[in-house]
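# Understanding the architecture of this molecule
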Amino acid sequence: MISEKQMELINREIDGVNSAAESEELKKIMAENPEAKAYYDSLEELSNKLGTLEDVEPSPHLTKHIMNSIPAPKTSRAEKKGFFKSLFSVPQYVFKPQYASVFAGGLVFGLVLFFVITSTINPTGIDLGDIAGTLISRDKKQDFENANSFKIHTSEAYGRVDFKQSKELVLVEINLRTNKELELLFEFDSFDISFNSFKQFQKKNNGLAINSRYVKFTNNGDNKYLFLFNSLTQNEKTFNFKMMSQGRTVMEKSISVKSQAK
Amino acid sequence: MNKHNDSELVKQCLDGDMKAFEEIVKKYQKPVFNTALRMTNNRKDAEDITQSAFLKVYENLESFNPDYKFFSWLYKISYNEILSFLKRRRPFEELNNNTISEDNNPVEKSEKNDEAAEIKKAIMKLKPDARTVILLRHYQNMSYKEIGMILDIPEKTVKSRLYSSRQYLKEILIDKGQNI
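Described below are features of the structure shown in this document.

Quick notes on the rules
- Residues numbered from 1 in each chain as written.
- Chains lettered and ligands numbered in written order.
- Predicted model: local features only at pLDDT ≥ 70, side-chain atom pairs only at ≥ 80, totals over all residues.
- Heavy atoms only, no water.
- Helix = DSSP H or I, 4+ residues; strand = E, 2+ residues; numbered from the N terminus.
- Contact = heavy atoms within 4.5 Å.
- Areas by Shrake-Rupley, 256 points an atom, 1.4 Å probe, with all protein chains shown as cover.
- Buried < 20%, exposed > 50% of the residue type's maximum accessible area, 1.4 Å probe, protein only.
- Phe/Tyr/Trp six-rings, centres within 6.5 Å; stacked < 30°, edge-to-face > 60°.
- Lys NZ or Arg CZ within 6 Å of the ring centre and 35° of its normal.
- 1 Å grid on protein atoms, 1.4 Å probe; cavity = no way out; pocket = protein on both sides within 12 Å on 5 of 7 lines; lining within 4 Å.
- Points joined across faces, edges and corners; volume = space filled by probe spheres on them.
- Buried area = accessible area lost by both parts, 1.4 Å probe.
- Salt bridge = Lys/Arg side-chain N within 4 Å of Asp/Glu carboxyl O.
- Polar contact = N/O pair within 3.5 Å; in protein donor to acceptor, adjacent residues only side chain to side chain.
- Axes fitted to C-alpha atoms, helices over the stretch in contact; angles between N-to-C directions.
- Parallel < 35°, antiparallel > 145°, perpendicular 65-115°, else oblique.
- Left-handed = near helix turned anticlockwise from the far one by under 90°.
- Nonpolar A, V, L, I, M, F, W, Y, C, P; charged D, E, K, R; others polar.

### Description of the overall build of chain B
- Each helix and strand counted, chain B has eight helices and zero strands in total.
- Of the regular secondary structure in chain B, the N- to C-terminal order runs α-α-α-α-α-α-α-α.
- Across chain B, the fraction of contacts at a sequence separation of at least 24, relative to all contacts at a separation of at least 6, is 66%.
- Total accessible area on chain B stands at roughly 8,900 Å², and carbon and sulfur atoms take up 47% of it.

### Quick notes on the overall build of chain A
- Tallying secondary structure elements over chain A gives six helices and eight strands in all.
- Helices and strands in chain A line up, N terminus first, as α-α-α-α-α-α-β-β-β-β-β-β-β-β.
- With 262 residues in all, chain A has 39% of them scored as buried.
- Of the roughly 15,900 Å² of accessible surface on chain A, 55% is carried by carbon and sulfur atoms.

### What to know about the environment of K125 of chain B
- By the element assignment, K125 of chain B lies in helix 5 (residues 106-125).
- In this structure, the C-alpha to C-alpha distance between K125 of chain B and I172 of chain B, residues 47 residues apart in sequence, is 8.3 Å.

### Comments concerning the packing of aromatic side chains
- Evaluation of the coordinates by the stated rule reveals 23 aromatic pairs over all chains.
- Ring geometry for F227 of chain A against F229 of chain A: centres 6.4 Å apart, planes inclined by 20°, an arrangement best described as stacked.
- Taking the relative accessible area as the measure of exposure, F227 of chain A reaches 0% and is therefore buried.
- Residue classification places F229 of chain A among the buried residues on the basis of a relative accessible area of 0%.
- The rings of F150, F163, F186, F188, F195, F198, F217, Y225, F227, F229, F239 and F241 of chain A are connected pair by pair, giving a single aromatic cluster.
- Cation over ring: K199 of chain A sits above F201 of chain A, and NZ or CZ is 4.8 Å from the ring centre.
- Sitting over the face of the ring of Y139 of chain B, R38 of chain B holds its NZ or CZ atom 4.4 Å from the ring centroid.

### Digging into the environment of V257 of chain A
All names here are of chain A.
- Checked against the element boundaries, V257 lands in strand 8 (residues 248-257).
- V257 sits 87 residues away from V170 along the chain, and the two C-alpha atoms are 8.3 Å apart.
- For V257, the residues in contact, after removing those within four places along its chain, are A147, F163, Q165, V170, N235, E236, K237 and F239.

### A short note on empty space enclosed by the protein
- Counted by the stated rule, this structure contains two cavities of 30 Å³ or more.
- In this structure, the second largest cavity is lined by L62, H65 and S190 of chain A together with K44, E47, D48 and Q51 of chain B.
- Elements with a contribution of two residues or more to the lining of the second largest cavity: helix 4 (62-69) of chain A together with helix 3 (43-59) of chain B.
- At four residues, helix 3 of chain B tops the list of elements feeding residues into the lining of the second largest cavity.

### Re the interface of chain B and chain A
- The interface is formed by 52 residues belonging to chain B together with 41 residues belonging to chain A.
- Summing both sides of the interface, chain B and chain A together bury roughly 4,400 Å²; the carbon and sulfur share of this comes to 57%.
- Contact with chain A buries surface across chain B, with Q51, Y58 and R166 of chain B losing the most and accounting together for 12% of the total.
- Counting across the chain B and chain A interface gives eight salt bridges.
- Summed over the shared surface of chain B and chain A, the result is 18 residue pairs in polar contact (both at pLDDT 80 or more).

### Comments concerning the side chain of S231 of chain A
Residue and element names in this part refer to chain A.
- Along the chain, the position of S231 falls in strand 6 (residues 214-231).
- Judged by relative accessible area, which is 8%, S231 ranks as buried.
- Side chain to side chain, S231 and K237 meet in a polar contact 3.4 Å long.

### Structural notes on the side chain of N34 of chain B
- Tracing the backbone shows N34 of chain B in helix 2 (residues 18-40).
- According to the relative accessible area criterion, N34 of chain B is buried, its value standing at 1%.
- Setting aside anything within four residues of it in sequence, one finds N34 of chain B in contact with D55 and V56 of chain A.

### Details of the packing of helix 6 (residues 128-138) of chain B against helix 7 (residues 144-151) of chain B
Residues and elements named next belong to chain B.
- Running from amino to carboxyl end, helix 6 crosses helix 7 at an angle of 135°, the nearest separation of the two axes being 10 Å. Considered as vectors, helix 6 and helix 7 are oriented oblique to each other. Where helix 6 crosses over helix 7, the handedness of that crossing is right-handed. Facing helix 6, whose interface residues are T132, V133, L136 and R137, helix 7 presents Y144, I147, I150 and L151.
- By residue class, the composition of the contact of helix 6 with helix 7 is six nonpolar, one polar and one charged.

### With respect to helix 1 (residues 4-14) of chain A
- Turning to helix 1 of chain A, its buried residues number three or more, namely Q6, L9, I10, N11, R12 and I14 of chain A.
- Of the surrounding elements, those touching the buried residues of helix 1 of chain A are helix 2 (20-32) and helix 3 (34-50) of chain A together with helix 7 and helix 8 (155-175) of chain B.
- Count one or two residues on from helix 1 of chain A and you reach G16 of chain A, which has phi positive near 70°.

Structure follows, in structure tokens:
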């Protein structure tokens, strides 16, 4: 029979937190109580077995991933103090005609250059400007090449998924018709790909969920979707596509997209 | 873990020095990752959790109290990230092929791997609360007080949870044929 106090002494001994006097007391208890001794031995064995598990090295890219996810450096406290100080300082402006004419000339030249450049760009490829929330500026065109595609043809769904890629992006175009609400999931390796933006053509509830490794949404009826992903590496990108009905997988497909040379 | 050093690094981060934060990441990513790995048994998930834990640390650096150990504070944030993650998925998952073995000796590897795999499976059978105290005590060598601070529970509760988790873990391993 082991009392609660004896159990505590034994556990504390395993954790190395007993005082010298407590350790002595425990030795006497174990000499007189074989059950307590057996319990101590078994805990010690457990502790030794737990100690055999070795640490695993994280991916060598983990530090880079972590640092890439950190936003721009905080304004330092010294800079914050400087900012507040500057609010109370009175600026002094002196007008000098020769500088004014140089400034005006430069402004005109810059405007002319801007219009010349933008009017001579002959964009090709897909206009991403109307994809809601895109991080790509509206006037920047991307030359997309067809990369891969597959058809969806089940009793619940009919459609097509096309993958197109440019040097920096992967565009996934989904044309889909379902006869009930289905959940669709795209999984990908966050080392190679990150989510950029999304557009759906018919305004419907879609339960869109995004994290660093997947995008998930639901579809009921007819709709068309565009997903834009950033190409983070030159590696071949693999998307794992799943279509589920009430938690049951009705279709699963793995698709690879080879990188376009940068 | 050098408390003085960590406080200095935090101060430099707050002054806008990203190199100081990178040093913190390099110093602590492995223990954070390993705790997350042992809680989730999935390498990818563990890396995601590690990433979001450090992001939270960065965002809340100004709230760090240098009177306490930075490592304990970091762990508290990591633990909350792990818990949030586990709540979003099923609490108990069988050991899968994402568990990595680091051993290269094929003979020892086989024996060690079997025992290591059994221990990992047994740990995964514990509820998250129980798993956490075992990991923090046996793998991160934290004191009862530090564990209490991380989990926001009294020291007395840490001890009773730890003692009963050990007992349960023992029973699982004996059930699996381990000699304890």
